[in-house]
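# Fold and geometry: a report
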Amino acid sequence: MSTTPTYLNNSAHKDLIREKWVEFIRECVSHDNGVGVITFPAEEMHDLYIFKNNGLIDWEENETGTLTITKGKVVCFEKRSKIFMTLSTKLVNAVVESQEIGSHLRQKYEGIMRGSERIFPVDAVNLDYDGNISKNKVPIDEKVDLIFKFQAVHKRSFSFFMTWPSTEDDDEEAYKSLLKKTISSNLKDPSAILFKEEFDKRYQSIDDLDYDNLSIIGLTKIVLKKASNSHFRLVKHECIVYGEEERRKMYSVLFNFEFQEEQPENLIYSEVVVNSLSQVLRLAVNS
Amino acid sequence: MSDLTDNKIDLTLDVVQKGRIKVHTQIINDLSSGIYSSPASCIKELVNNSYDADAKVVTIRVKPVHDSITIIDDGKGMNAVDFDKKFAWISHSTKRTDSSLSEMLKRPLIGKIGIGFIAVNEICHELEITSTKKGEPLKFTANINFKKYFEDAAVPDEGEEEGIIKGEYELVNDAEDSDEHYTIIRLLGLKESVKNILDDKQYLSELLKKKNKNYDKNFFTSMKDLLEFHTSNKLKSFSEDNAYVQFIIDLASYIPVEYIDGGPIENANDEIIDDIVARHKQLDFKVDLDGIYLKKPIYFSKNKDVNSQYLSFKESIKVPNEDGDEIKLTGYFYVQHGIIFPKEYNGVAIRIKNVPISDNYGFDDSFMKFPYYTYQLFRSWVSGELYIEKGLEDAMNIDRKSFRVTHQHYLALQNFLHRLLDDKVFKMALALYQGARDFREEEKKNAKKEAGRKILSSAKVEYTKASHPPKPKKGSSKESDTSEEEKVFAPIRIVDSSAKTSTVEVDESIVKKFKKKDWEYLESIFLIFESAFKEADGDVQKLRKLFYQKVNDWKNIKN
């Protein structure tokens, strides 16, 4: 039986977040027959080991020293050739794609919407970036939108996680303005009064937001908007900012979504905005 | 009709006219798509390219059958210029002209014609290749769209007299660690028919159903495991098995990998065969397909119920041509008493650079067109491999699956093979056949003797009134009870007799121990009894006397 390797370049904070991923998935779906995950596991495959050790997926070791997935579905994205090779070699019966996830989803749009592509549905999407998320070809809002659309084709509730580093000095202006524009339009949204009240207590304008809050609030709002557009209701969420000395500050958001076909999307969105955004703000500020 | 060509040919009488012969560009499409007959034969081209590029490990990922197949090797790799000059120039392989051995590991090169990559257009719509060479801090990624390749017209390449432009590729260079060397090929947009072949979900569910029949598994753990499963199903041919299993065996048959452990002939104590096996190991070439190492799927196991023999040889054949060419080869033949299963092993595999030149998993069951009328019975009893070490390469056709049968090398090898079959191999089969026949006759004789001994031994054939065998004594072993039983009881007993009738009882407990041959003797005994019964005419004492007398007479005749 394989054991979890010693985590390299790891931290207690990241371990905590990984445990939370497991907790969210367990609460979201029945995992007796394994879960389907989309992930960026990197060479160490920490998340996959955690999922395996918690019974969410399983594998058997082969004569070639590789691992055949025997329970659950594993879909990995890795555009760095060397890591792509490592994952492709190490994992059998797992989908390993060499494109950036956004480009892949955009390219396969029609096939996925028709249901002929087999990546979707999944039970968890774990976008665990260690690089700048503003520099990808496909903007983050489009990427998130595609994920919710594809899950909606199969009416599948799921866990959605995003982790990304604070890269303020290096972030693209287009990305920054997307975050600001998203928050700004939310402040004008009559269904987001509670959020506006909380916001107004602390800030004069959006420009007063520090980068941590801009990132967390902006990304969270993007996710929630895209989720409600595809009839997904927020069931649970958590936002964490973490970091240690000499390491980059990291942001992590975790959500559980339930597919709600009958409810109109604007109603879902209003509910989400009222019930969650104010908490997001507080959590972000407190952290 | 003169407008058919640009040659200005007209219908003028008695004037010599000259024209140029033209080839339609469609032939490029035909050649590009019609050469390879199965997904395995397409992919083996890429694996053999990796071998020629000095790769030690090739990883192939097919499962889960999705939209792509990935092939990764740790060979010497390419840069963008190499790609343009070699990989993307079909049928312009420089592999053989540079050297007949690979650069680093000095392997005999397999690729000759240089059409390897185009083979895969049969199974996918797009090919993506990423590669880097050791010592160069960059890699490239190129994409070839096969749909466009077939749509684009072929036009002469102005820069290269020998070239024709056909299709396009897109290429991007990127930074890479200069210590790295690899090639990644991704076959994207798999065709639906290919997905159906490769998808073994249904097959695995059948396997799972067999859980209680010694197979509790989700996937095969090795080639040997896969073959054992095949044989456990008593299938006579690979073609009766699932398409995914056929794909694996097909692929493994055409690449220079090691034999299955113990193969090709279990417990063969033969220097030449050992040398063939060792040479494969020395190639240091492994192919990991979905977690199992592909191995040459040839394994004749030692079966105590089947008589077999083998013959190995190392030969040098003179080709009767002006150049005085020579063909060097080594090989073996395995002969067994009875048909070889799976039947795809039947025939001869002629291997050039380790790769068999034949369809049908590498074996030619016509034995290079051995005369049909000769040794018909024994053809299906024979399997052999010829490793060609020198010569014959020019006799190969472009598909590497057949020979030009008029080529002098082919004819010389054919002559050698047919003589070998005639002089030795089929003679071995004949000897096995005759040996088996003698053995069968001897067995028959022994069986008759044994039956006679059992039935006619006067100590055993005795009248008894006991209706059942005696119960075993306490403490006595089962074995000794049985032998006691045999000593005391005959299978027939006269249990009742009167002036007009006699009742003969057949004791089933003993009868069941008798073989078919014994029953022939029993029938004789019954006939003797019937004859004595008629003659005795109701006299019991006379019947007994006549019966034993006739039995003894018959005994004397048999002996």
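As the structure is a prediction and not an experimental result, all values here were calculated from the model.

### A short note on the interface of chain A and chain B
- At the junction of the two partners, chain A supplies 17 residues and chain B supplies 23 residues.
- Taken together, the elements giving at least two residues each to the side of chain A that touches chain B come down to β3 (67-71) and α3 (81-90) of chain A.
- Across the side of chain A that touches chain B, the residue classes tally to 3 nonpolar, 10 polar and 4 charged.

### Focus on the nonpolar core
- In terms of nonpolar packing, the biggest core is built from 174 residues, with V74 and C76 of chain A together with L251, V335 and V425 of chain B touching the most fellow members.
- Of all the elements, helix α12 (residues 408-456) of chain B adds the most residues to this core, at 11 residues.
- With sequence-adjacent residues up to four places away left out, C76 of chain A is seen in contact with T39, F40, P41, L87, A94, V95, V96 and E97 of chain A.

### Re the packing of helix α2 (residues 39-52) of chain B against helix α9 (residues 243-253) of chain B
Residue and element names in this part refer to chain B.
- Taken N-terminus to C-terminus, the directions of α2 and α9 make an angle of 40 degrees; their axes are 9 Å apart at the nearest point. When the interaxial angle is binned, α2 and α9 end up oblique. Of the two elements, α2 crosses α9, and the hand of that crossing is right-handed. For the pair formed by α2 and α9, the contact residues are P39, A40, I43 and K44 on the first element and F247, D250 and L251 on the second.
- Its residues placed into classes, the contact of α2 with α9 shows 5 nonpolar, no polar and 2 charged.

### As for the confidence of the model for chain A
Residues and elements named next belong to chain A.
- Put simply, chain A has an average pLDDT of 85, and 87% of its residues get 70 or more.
- Considering each helix and strand of chain A separately, the mean pLDDT is smallest for helix α10 (residues 265-286), with a value of 54, and largest for strand β1 (residues 36-39), with 97.
- Counting interchain partners and residues more than four positions distant, the pLDDT-below-50 stretch residues 1-9 has 8 contacts.
- The low-confidence segment residues 281-287, where pLDDT is below 50, has 14 contacts with residues more than four positions distant or belonging to other chains.

### Focus on the sheet that holds strand β13 (residues 347-352) of chain B
Residues and elements named next belong to chain B.
- On the basis of which strands lie adjacent, the open sheet formed by 5 strands has the order β11-β12-β15-β13-β14 and mixed pairing. The open sheet terminates on both sides in strands that have one partner only, identified here as β11 (308-318) and β14 (355-356).
- In this structure, β13 lies alongside strand β15 (residues 382-390), joined through 6 bridges in parallel fashion. Considered in β15, the bridge of V348 is made with G384.

### Quick look at the packing of helix α1 (residues 12-28) of chain A against helix α2 (residues 46-53) of chain A
Residues and elements named next belong to chain A.
- Viewed as axis vectors pointing N to C, α1 and α2 meet at an angle of 50 degrees, and their least axial separation amounts to 10 Å. By the angle between their axes, α1 is oblique relative to α2. α1 and α2 meet at a crossing whose hand is right-handed. Only H46, D47, I50 and F51 of α2 make contact with α1, whose side of the interface consists of R18, W21 and V22.
- Grouping the constituent residues of the contact of α1 with α2 by class yields 4 nonpolar, 1 polar and 2 charged.

### A short note on unusual backbone geometry
- Cis geometry marks the peptide bond from F120 of chain A to P121 of chain A; its omega dihedral reads 5 degrees.
- Mapped onto the fold, P121 of chain A is located in the loop between α5 (109-114) and β7 (124-128).
- Cis geometry is found at the peptide bond from F341 of chain B to P342 of chain B, where omega equals -10 degrees.
- Structurally, P342 of chain B can be placed in the loop between β12 (326-336) and β13.
- Not every positive phi belongs to a glycine, and D54 of chain B is a case in point at roughly 65 degrees.

### Digging into the pairing of strand β2 (residues 68-73) of chain B
Residue and element names in this part refer to chain B.
- The buried count for β2 comes to 5 of 6 residues, which makes it a mostly enclosed element.
- Bridging between strand β1 (residues 57-61) and β2 involves 4 bridges; their strand directions are antiparallel. Bridge pairing in β2 links V58 to D73.

### So, the confidence of the model for chain B
Residue and element names in this part refer to chain B.
- Of the residues in chain B, 77% reach a pLDDT of 70 or more, and the chain-wide mean stands at 81.
- Here residues 211-216 is a poorly scored stretch, pLDDT under 50, and it has 4 contacts once near neighbours within four places are set aside; other chains count.
- Scored below 50 in pLDDT, residues 476-488 shows 5 contacts in the model against residues more than four places distant or in partner chains.

What counts and what doesn't
- Residues numbered from 1 in each chain as written.
- Chains lettered and ligands numbered in written order.
- Predicted model: local features only at pLDDT ≥ 70, side-chain atom pairs only at ≥ 80, totals over all residues.
- Contact = placed C-beta atoms within 7 Å.
- Helix = DSSP H or I, 4+ residues; strand = E, 2+ residues; numbered from the N terminus.
- Nonpolar A, V, L, I, M, F, W, Y, C, P; charged D, E, K, R; others polar.
- Core = buried A, V, L, I, M, F, W, Y, C linked by C-beta atoms within 7 Å.
- Buried ≥ 20, exposed ≤ 12 C-beta atoms within 10 Å, placed from the backbone.
- Axes fitted to C-alpha atoms, helices over the stretch in contact; angles between N-to-C directions.
- Parallel < 35°, antiparallel > 145°, perpendicular 65-115°, else oblique.
- Left-handed = near helix turned anticlockwise from the far one by under 90°.
- pLDDT = per-residue confidence, 0-100.
- Pairing = 2+ DSSP bridges.

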